[in-house]
Amino acid sequence: MKSTDKQQFAAMLRDVMAFYKQDVSPFALSVWWQACENFDFEQVSKALTKHAMDAERGMFPPKPADLVRQLEGTATDKAMLAWGKLFEAMGRIGAYTDVVFDDPAIHAAVEDLGGWVKICRVETSQLSYLQHRFCEAHRAYTSRGQFDYPRRLAGDRSPDEMYAKKGLPLPRPALIGDSERAKQVYKQGQIAGKTGVSFVSLADLAGKSLQIGN
């Protein structure tokens, strides 16, 4: 959730606790927010409703740990669905085409695994290990909420500079999943990878003049 969701989250939590005839102190609200802020507001809302309707646990007011347990399970499900989408694209699209998914966490996780071309050419015997690593990375990025990622996953083709020199447009990427969401992923992504790289002199880095040999 974003900081702008705090007021709406507090109102929702107070309504839920009123259902159980309990108040929400400022300290309790703070603990709840810290436990849930890495998840989407809609996910938290659905988890609270699901708890209230649970035949066993629903008789008691929810605790932050109850919701985190549910929401982490949701993150696992989301990672598995993302893997299914990725695996299908690996087979249907292949390594020679740029791709843009409708989920930025897929982009970040794929770059961590070596990039689109590398995972498309992974040996069949390594698919299980690749799936495990991808799902772990996807869950980590999803729980973080905000992170940098490459706007597109480049295929095995000529570099962008070669197209520019010849006055040719870049190849069109394949949009995977919801096309409108994929367009937003592209617009909000980084041009050159997800990790910023810059160079600075040793003198600037130290904040003073350096002499050779020091």
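Presented here is a report on the structure given in the accompanying data block. (Residues numbered from 1 in each chain as written. Predicted model: local features only at pLDDT ≥ 70, side-chain atom pairs only at ≥ 80, totals over all residues. Heavy atoms only, no water.)

1. What to know about the overall build of the chain
Going by this rule: Put simply, DSSP marks the helices as runs of H or I at least four residues long and the strands as runs of E at least two long, and each gets a number from the N terminus on. C-alpha atoms define the radius of gyration in this analysis, and the globule rule sets the expected value at 2.2 Å times the number of residues to the power 0.38. Partly exposed residues are those whose accessible area sits between 20% and 50% of the maximum for their type, while under 20% is buried and over 50% is exposed, using a 1.4 Å probe and protein chains only. The contact definition used throughout considers only heavy atoms, calling two residues in contact when any of these lie within 4.5 Å.
Looking only at helices and strands, the chain has ten helices and two strands in total. Put simply, the chain runs from its N terminus to its C terminus through helices and strands in the order α-α-α-α-β-α-α-α-α-β-α-α. In terms of C-alpha radius of gyration, the chain reaches 23 Å, well past the compact-globule figure of 17 Å for 214 residues. When its C-alpha atoms are laid out on the principal axes, the chain stretches across 70 × 55 × 35 Å. Buried positions account for 36% of the 214 residues belonging to the chain. Long-range pairs, those at least 24 residues apart, make up 73% of the contacts in the chain with a sequence separation of at least 6.

2. Looking at the layout of surface pockets
Selection rule: The way it works is a 1 Å grid over only the protein atoms, where trapped points that fit a 1.4 Å probe form a cavity and open points with protein on both sides within 12 Å along at least five of seven lines form a pocket, and then any residue with an atom within 4 Å of a point lines it. Grid points are joined across faces, edges and corners, and a volume is the space filled by probe spheres set on the points. Three classes are used, and their members are as follows: Ala, Val, Leu, Ile, Met, Phe, Trp, Tyr, Cys and Pro are nonpolar, Asp, Glu, Lys and Arg are charged, and the others, Gly among them, are polar.
Counted as a void, the largest pocket has a volume near 810 Å³. Lining the largest pocket are 25 residues, with Asp 40, Pro 104, Gly 145, Gln 146 and Phe 147 positioned closest to its centre. Residue assignment for the lining of the largest pocket shows that the elements contributing at least two residues are α3 (41–53), α5 (104–112), α7 (127–144) and α9 (179–188). Looking at side-chain class alone, the lining of the largest pocket contains nine nonpolar, seven polar and nine charged residues.

3. A closer look at the packing of aromatic side chains
Working definition: an aromatic ring pair is given by the centre-to-centre distance plus the angle between the planes. Note the following rule: Two aromatic rings, drawn from Phe, Tyr or Trp (for Trp, its six-membered ring), form a pair once their centres lie within 6.5 Å of each other, and the interplanar angle then sorts them: stacked below 30 degrees, edge-to-face above 60, tilted otherwise. Over a ring means this: the NZ of a Lys or the CZ of an Arg is within 6 Å of the ring centre and within 35 degrees of the ring normal.
Overall, the coordinates contain seven aromatic pairs when judged by the stated rule. Centroid distance Tyr 141 to Phe 147: 5.1 Å. Interplanar angle 50 degrees. Geometry classified as tilted. With a relative accessible area of 6%, Tyr 141 lands in the buried category. Ring plane angle 65 degrees and centroid distance 6.2 Å describe the contact between Phe 147 and Tyr 149, whose orientation is recorded as edge-to-face. Comparing Phe 147 with Tyr 149, the two get one shared label, buried. Three or more aromatic residues joined by ring pairs make a cluster, and in this case those are Trp 83, Phe 87 and Phe 134. Its end group placed over the ring of Tyr 96, Arg 121 keeps NZ or CZ at 5.2 Å from the ring centre. Sitting above the plane of the Tyr 186 ring, Arg 151 keeps its charged end 4.5 Å from the centroid.

4. Re empty space enclosed by the protein
Applying the stated criterion to the full structure yields one cavity of 30 Å³ or more. Its volume calculated, the largest cavity comes out at about 30 Å³. Considering the residues around the largest cavity, the lining is formed by Phe 39, Gln 43, Ala 75, Arg 139, Thr 142 and Ser 143. A total of three residues in the lining of the largest cavity trace back to one element, the largest contributor, which is α7. Grouping the amino acids of the lining of the largest cavity by side-chain chemistry returns two nonpolar, three polar and one charged.

5. Topic: the environment of Met 80
Mapped onto the secondary structure, Met 80 falls in helix α4 (residues 64–92). Classification of Met 80 by relative accessible area gives partly exposed; the value is 40%. Taking the C-alpha atoms as reference, Met 80 lies 8.6 Å from Gln 131; in sequence the two are 51 residues apart. In contact with Met 80, not counting residues within four places along its chain, are Gln 131 and Cys 135.

6. A look at the packing of helix α1 (residues 6–19) against α3
Stated precisely, the cut-off is as follows: Helix axes are fitted to C-alpha atoms over the stretch in contact, other axes to C-alpha atoms as well, and angles between N-to-C directions run from 0 to 180 degrees. Roughly parallel covers angles under 35 degrees, roughly antiparallel covers those over 145, roughly perpendicular covers 65 to 115, and oblique covers all other angles.
At a closest axis distance of 11 Å, the pairing of α1 and α3 adopts a crossing angle of 0 degrees. With respect to α3, the element α1 is oriented roughly parallel. Between α1, through Gln 8, Phe 9, Met 12 and Val 16, and α3, the contact on the second element is made entirely by Phe 41, Val 44, Ser 45 and Leu 48. Of the residues in the contact of α1 with α3, the class split is six nonpolar, two polar and no charged.

7. Here's the deal with the pattern of salt bridges
Any two side chains of opposite charge can pair, given that their charged atoms come close. What counts, and what does not: Put simply, a salt bridge is a Lys or Arg side-chain nitrogen that is within 4 Å of an Asp or Glu carboxyl oxygen.
Under the definition given, this model contains eleven salt bridges. In this structure, the salt-bridge partner of Glu 136 is Arg 139, at a minimum N-O distance of 2.5 Å. Residue Glu 136 and its partner Arg 139 are located together in helix α7, separated by three residues, close to a single helical turn. Looking at Arg 139, the relative accessible area reads 22%, which means it is partly exposed. Here Arg 157 makes a salt bridge to Asp 160, at a shortest N to O gap of 2.9 Å. Salt bridges linked by common partners bring Asp 98, Arg 152, Arg 157 and Asp 160 together as one network.

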